[in-house]
Amino acid sequence: MAGPSPHKPRRKAKRAGGNGPSNLPVIMEREALVRVPSFPLAAFLWPARSSVSQWELLPLILMVVGLFRWAAGLWGYSGFKKPPLFGDYEAQRHWMEITTHLPISQWYFHDLEWWGLDYPPLTAYHSWICGKIGSLIDPAWFALYDSRGSHDPTLKIFMRATVLVSEYLIYIPAAVIFVRRFSRLSDVPAWTSSVALVAILMQPATILIDHVHFQYNTVMLGFVLASMSSMLAGRNLWASFFFVLALGFKQMALYYAFSVFAYLLAVCVFPRINIPRFIGIALVTVVSFAILLLPVVAGTLSEASRGITAHPDGAYPPLPLFSDLAKHLNTEAFYYPVVEQLVQIIHRVFPFARGLFEDKVANFWCAMNVVIKLREYPAELLQKGALVATLAAIVPPNLILFLRPNKHLQPNKLLLPLAFATTAWGFFLFSYQVHEKSVLLPLMPMTLLLAGKQGLGNKRAWVGFANILGCWTMYPLLQRVDLRVPYTVLTLLWAYLLGLPPTSLNAYFQDGSSIWSQWATAFIHGFFYLTMAFWHVLDMFVVAPKDKPDLWVVANVGVGAVGFSLCYLWCLGSLVIESEILTSWTGKKMKTKTQ
């Protein structure tokens, strides 16, 4: 009788998403990134690949990205010693001033020529909280009228701290949770998702605008991330609530509204129509908006009953808009101040009167304006044209998001970042009244792709290209306020960490795509990278002709618009491929023919 076989069967490996060291061989088989640290960011985190728990690494990540944000804030800011209006920094400080000193009914009417409040109510409440805290430290920082244009260095520290604290309370927790959930759904190992998290939190455009130039975009983006994360977890009511908060903080969150609507409608339709769920989502949305507006409405009614008006006689005359309103409503009715307040908020938040665009932005309309002077056309025609073009760009990705359930007949959650990015690119390229800083909205979901399947592989080249191009198109804005150095340092640092041009070509030759595709992508991106570098040389050493003083800015707009259009097409194409909608449709058609 033969003895026992010396061969021992291989033990079944644990799931690739585990955290222990025994999981490493499986990770190495399934994730090319783990075999060798193929770019510097992976090399820096390489010692942590066998960490017992990713939560050991998370505190270090948060400390490092926080230090970079604070260091970036040591530079100047928008409007530093640049009268007469002193830029976005003064706008945010001024809103803290008026919300802490004026009745709530006057917030949206006060001195509109000096940074009048033009964001939704949640921004005003945020300004009120920051202003109250700052006034406890030094009341002079927010003294009504007397504090305008203040460049107190201690105030700067406080203002920078409000951005950092707001981000760590909302954006960063939302990013951490989203990356964990999305990576788990995509079957991406924990260590790889940690690398992606660092890359996402080190996104240069976000740091440059919020922590250098000065704004609070990450609060709105954090609420959007929380909404997306709730969708991944199947918590649809929370998804509605968080997205209302995003809209309540900045109206630019409308860039994502179609995708949110498409996904939430899909969960009410697939795998079967669910009327109670639809009613629940609708109720949460309506109630959330009502709660958001409640302080303004209640405050206005209370102040009106005490004789406090939104525009005291002789100080804040009503806008012409309200002369038509008074023709249809009783101005003595108790509800009139509330109607007037809501109309004013809408008027301030959606400034259609400003025209198709105010400044030079790398989108379709500004690029087209170089050839055809669009401002010579009637505003109504331009509004309709922008609406049609925007709908044509955003309907396809949201139809895919709505129509493509996964194998469990549930809406495909893995398509969310691509659908959000494609929709936001469509809005940025074609919608009415776009600012150059609005590029942050498509960049955010596109950068989230790093946390998904092949995110740090063949998708890294396109994500990196979009981010570097986005920073480059904002250079004229940053240059005007002497922020060239942080622009250069943060952009090149991110490119170096992710193995992107001009520091490396590593991102273009990854497993998961054909050689032809790799070389084609490298060639297209290389052309743009060389163009950006050459543009910087021209801008630095060659003076624009006197009859065309904006020549280099216009060139920036044109190149940026073409590059962003390619990003839109890549996102849309990737969405079509990953949804397998064409394969499914073709298969059904072939099956029908054979029958």
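Residues numbered from 1 in each chain as written. Predicted model: local features only at pLDDT ≥ 70, side-chain atom pairs only at ≥ 80, totals over all residues. Heavy atoms only, no water.

J.: Would you mind showing me how to read the overall build of the chain here?
T.: For the chain, the count of helices and strands is 25 helices and 0 strands. Residues counted as buried form 53% of the 595 residues belonging to the chain. Nonlocal contacts in the chain, meaning residues at least 24 apart in sequence, comprise 76% of its contacts between residues at least 6 apart. Per element, the accessible surface of the chain, about 27600 Å² overall, is 68% carbon and sulfur. (Helix = DSSP H or I, 4+ residues; strand = E, 2+ residues; numbered from the N terminus. Buried < 20%, exposed > 50% of the residue type's maximum accessible area, 1.4 Å probe, protein only. Contact = heavy atoms within 4.5 Å. Areas by Shrake-Rupley, 256 points an atom, 1.4 Å probe, with all protein chains shown as cover.)

J.: Honestly, unusual backbone geometry in this entry has me stumped. Any pointers?
T.: The phi angle of most residues is negative, glycine excepted, and most peptide bonds adopt the trans form. Here the amide bond leading from Pro83 into Pro84 is cis, since omega sits at 10°, within 30 degrees of zero. Here Pro84 is to be found in the loop between α4 (54-72) and α5 (87-101). A cis amide bond, omega 10°, links Pro501 with the succeeding residue Pro502. If you trace the backbone, Pro502 turns up in the loop between α22 (484-497) and α23 (515-541). A positive phi angle, close to 60°, is found at Asp187, a residue other than glycine. Assignment of secondary structure puts Asp187 in the loop between α7 (153-185) and α8 (190-201). For Asp187, a relative accessible area of 26% gives the class partly exposed.

J.: Which parts of the structure should I look at to understand helix α6 (residues 121-137)?
T.: Because an α-helix packs 3.6 residues into every turn, residues spaced three or four apart end up facing the same way. Its 17 residues give α6 an end-to-end C-alpha distance of 25 Å, which sits within 8% of 24 Å, the value for a rise of 1.5 Å per residue. Buried-residue contacts for α6 involve α5, α7, α10 (217-233), α11 (236-249) and α13 (275-305). (Expected span 1.5 Å × (residues − 1).)

J.: For this particular structure, what's the right way to read the layout of surface pockets?
T.: Size it by volume and the largest pocket reaches roughly 1500 Å³. Together, 49 residues line the largest pocket, and Pro351, Arg354, Glu358, Gln433 and His435 are the ones closest to its centre. Sorting the residues of the lining of the largest pocket by element identifies α5, α12 (257-269), α15 (336-349), α17 (379-403) and α21 (475-480) as the ones contributing at least two each. For the lining of the largest pocket, the per-class residue count stands at 24 nonpolar, 14 polar and 11 charged. By volume, the second largest pocket is sized at about 760 Å³. (1 Å grid on protein atoms, 1.4 Å probe; cavity = no way out; pocket = protein on both sides within 12 Å on 5 of 7 lines; lining within 4 Å. Points joined across faces, edges and corners; volume = space filled by probe spheres on them. Nonpolar A, V, L, I, M, F, W, Y, C, P; charged D, E, K, R; others polar.)

J.: Explanation requested: the packing of helix α18 (residues 416-430) against helix α24 (residues 551-579) in the structure shown.
T.: Packed helix pairs are specified by the crossing angle of their axes together with the interaxial distance, meaning the distance between the axes. Axis separation between α18 and α24 bottoms out at 9 Å; the angle between their running directions is 150°. In this view, α18 runs roughly antiparallel relative to α24, as classed from their interaxial angle. As α18 packs across α24, the resulting crossing turns out to be left-handed. Across from Leu418, Ala419, Ala421, Thr422, Trp425, Gly426, Phe428 and Leu429 in α18, the residues of α24 making contact are Ala561, Phe564, Ser565, Cys567, Tyr568, Trp570, Cys571, Leu572, Ser574, Leu575 and Glu578. Classifying every residue of the contact of α18 with α24 gives 14 nonpolar, 4 polar and 1 charged. (Axes fitted to C-alpha atoms, helices over the stretch in contact; angles between N-to-C directions. Parallel < 35°, antiparallel > 145°, perpendicular 65-115°, else oblique. Left-handed = near helix turned anticlockwise from the far one by under 90°.)

J.: I tried to follow the environment of Ala175 on my own but got confused; where do I start?
T.: Mapped onto the secondary structure, Ala175 falls in helix α7. With a relative accessible area of 0%, Ala175 lands in the buried category. The sequence separation of Ala175 and Ala226 amounts to 51 residues, and the corresponding C-alpha distance is 7.7 Å. In this view, Ala175 contacts Leu197, Leu201 and Leu225; residues no more than four positions away in its chain are not counted.

J.: Teacher, can you tell me more about the packing of α12 against α17 here?
T.: Interaxial distance between α12 and α17 falls to 9 Å at its minimum, and their mutual angle equals 30°. Accordingly, the angle class assigned to the pair α12 and α17 is roughly parallel. With respect to the hand of their crossing, α12 and α17 are arranged in right-handed fashion. Note on element contacts: α17 touches α12 through Leu391, Ile394, Asn398, Leu401 and Phe402, opposite Phe258, Ser259, Ala262, Tyr263, Leu265, Ala266 and Val269. By residue class, the composition of the contact of α12 with α17 is 10 nonpolar, 2 polar and no charged.

J.: Explanation requested: the environment of Thr309 in the structure shown.
T.: For Thr309, the position within the fold is in the loop between α13 and α14 (321-328). Distance in space between the C-alpha atoms of Thr309 and Gln106 is 7.4 Å, their sequence separation being 203 residues. Those residues within four positions of Thr309 in sequence are excluded, and the remaining contacts are Ser105 and Gln106.

J.: Even after reading the chapter, I still don't get the packing of aromatic side chains, so can you show me in this structure?
T.: For any pair of aromatic rings, the description consists of the separation of the ring centres together with the inter-plane angle of the planes. All chains considered together, the criterion is met by 33 aromatic pairs. Plain terms: the ring middles of Phe334 and Tyr335 are 5.7 Å apart, the flat faces sit at 85° to each other, and that makes the pair edge-to-face. According to the relative accessible area criterion, Tyr335 is partly exposed, its value standing at 34%. (Phe/Tyr/Trp six-rings, centres within 6.5 Å; stacked < 30°, edge-to-face > 60°.)

J.: Honestly, the side chain of His213 in this entry has me stumped. Any pointers?
T.: Looking at where His213 falls in the secondary structure, it is placed in helix α9 (residues 204-214). For His213, a relative accessible area of 2% puts it in the buried group. Setting aside chain neighbours within four positions, we find His213 in contact with Tyr77, Ser78, Asp88, Leu208, Lys437, Leu477, Leu478, Val481 and Leu483.

J.: In this structure, what is going on with the side chain of Ser431? I would like to understand it.
T.: Tracing the chain through its elements places Ser431 in the loop between α18 and α19 (440-448). Of the polar contacts made by the side chain of Ser431, one reaches the backbone oxygen of Phe427; its length is 2.5 Å. Dropping the residues within four chain positions of it, Ser431 is found in contact with Tyr255, Asn363, Trp365, Ala386, Thr390 and Gly426. (Polar contact = N/O pair within 3.5 Å; in protein donor to acceptor, adjacent residues only side chain to side chain.)

J.: Hey, could you run me through the nonpolar core in this one?
T.: Buried together is how nonpolar side chains tend to be arranged in soluble globular proteins. Formed by 171 residues in total, the largest nonpolar core has its most connected members in Met220, Val224, Phe243, Tyr256, Trp425 and Met446. Sorting elements by how many residues they give to this core places α7 first, with 12 residues. Apart from the residues lying within four places of it in its own chain, the contact partners of Trp425 are Val439, Pro442, Leu443, Met446, Ala466, Phe564, Cys567, Tyr568 and Cys571. (Core = buried A, V, L, I, M, F, W, Y, C linked by side-chain atoms within 4.5 Å.)

J.: It is not clear to me how a nonpolar patch on the surface should be interpreted in this structure. Could you clarify?
T.: A cluster of nonpolar side chains, Phe258, Leu387, Leu391, Val395, Leu399 and Leu403, forms an exposed patch at the surface whose accessible area comes to about 490 Å². When residues of the nonpolar patch are assigned to their parent elements, the largest contribution, 5 residues, is made by α17. Note on placement: Leu387 falls in helix α17. Classification of Leu387 by relative accessible area gives exposed; the value is 52%. (Patch = residues over 30% accessible without salt bridge, like charges linked within 9 Å, V, L, I, M, F, W, Y side chains within 5 Å. Salt bridge = Lys/Arg side-chain N within 4 Å of Asp/Glu carboxyl O.)

J.: Got a minute to help me understand the environment of Pro445 in this structure?
T.: The residue Pro445 is located in helix α19 in this model. Contact partners of Pro445, with chain neighbours within four places excluded, come to Tyr256, Pro417, Phe420 and Ala421.

That is the geometry; function is a separate question.
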